[in-house]
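# Residue-level structure breakdown
The lines below spell out each chain.
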Amino acid sequence: RRLRSVADLFHLSPPMAFGDRGGLPLEPPPGYEDLATAIDRQLTIEMIYDGGTRGLTRRRVTPRALVESAGRAYLTAYCHADQMEKTYRLDRIREFRLESD
């Protein structure tokens, strides 16, 4: 079966939420409290992401949830450049800031 979306991937390996509030953490990991705020308020963030072989890239995303899968923490977010939902490993987010209005 071909994977066509993040949802297809999660059907193969369902994520586990940090908390029990629909994928939102009760307490975000230290240093990621502003991501929880962005999720709650549906705010856009700008982040520097280490994509491995792609190197560091600047991305504008709207965070949806913090989840855990296979012992790793991920941010699921709408990527404005690619216009689709994506997942980002928290340990690869080098820095981020909430966009101001």
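Residues numbered from 1 in each chain as written. Predicted model: local features only at pLDDT ≥ 70, side-chain atom pairs only at ≥ 80, totals over all residues. Heavy atoms only, no water.

A few words now on helix α2 (residues 33–41). Of all the positions in α2, only Leu 35, Ala 36, Ala 38 and Ile 39 are classed as buried. Seen end-on, α2 carries its buried residues on one side only, within an arc spanning 160°. Turned more than 90 degrees away from the buried face of α2, the exposed residues are Asp 40 and Arg 41. On its buried face, α2 is in contact with β2 (45–50), β3 (56–69), β4 (72–79) and β6 (93–98). Gln 42 occupies a position one or two residues after α2 and carries a positive phi of about 55°. (Buried < 20%, exposed > 50% of the residue type's maximum accessible area, 1.4 Å probe, protein only. Helix = DSSP H or I, 4+ residues; strand = E, 2+ residues; numbered from the N terminus. Arc of directions from axis to C-beta. Contact = heavy atoms within 4.5 Å.)

What follows deals with the pattern of salt bridges. Scanning the entire structure with this criterion turns up eight salt bridges. Among the ionic pairs, Asp 91 bridges to Arg 72, the shortest N-O distance being 3.7 Å. Residue Asp 91 is located in the loop between β5 (84–89) and β6, and its partner Arg 72 is located in strand β4; the two are separated by 19 residues in the primary sequence. Judged by relative accessible area, which is 41%, Asp 91 ranks as partly exposed. Where salt bridges share partners, they join Glu 46, Arg 58 and Arg 97 into one cluster. (Salt bridge = Lys/Arg side-chain N within 4 Å of Asp/Glu carboxyl O.)

Positive phi, close to 55°, is recorded for Gln 42, a residue that is not glycine. The residue Gln 42 is located in the loop between α2 and β2 in this model. Unusually for a residue other than glycine, Gln 83 sits at a positive phi of about 50°. Tracing the backbone shows Gln 83 in the loop between β4 and β5. Residue Gln 83 is classed as exposed on the basis of its relative accessible area, which comes to 59%.

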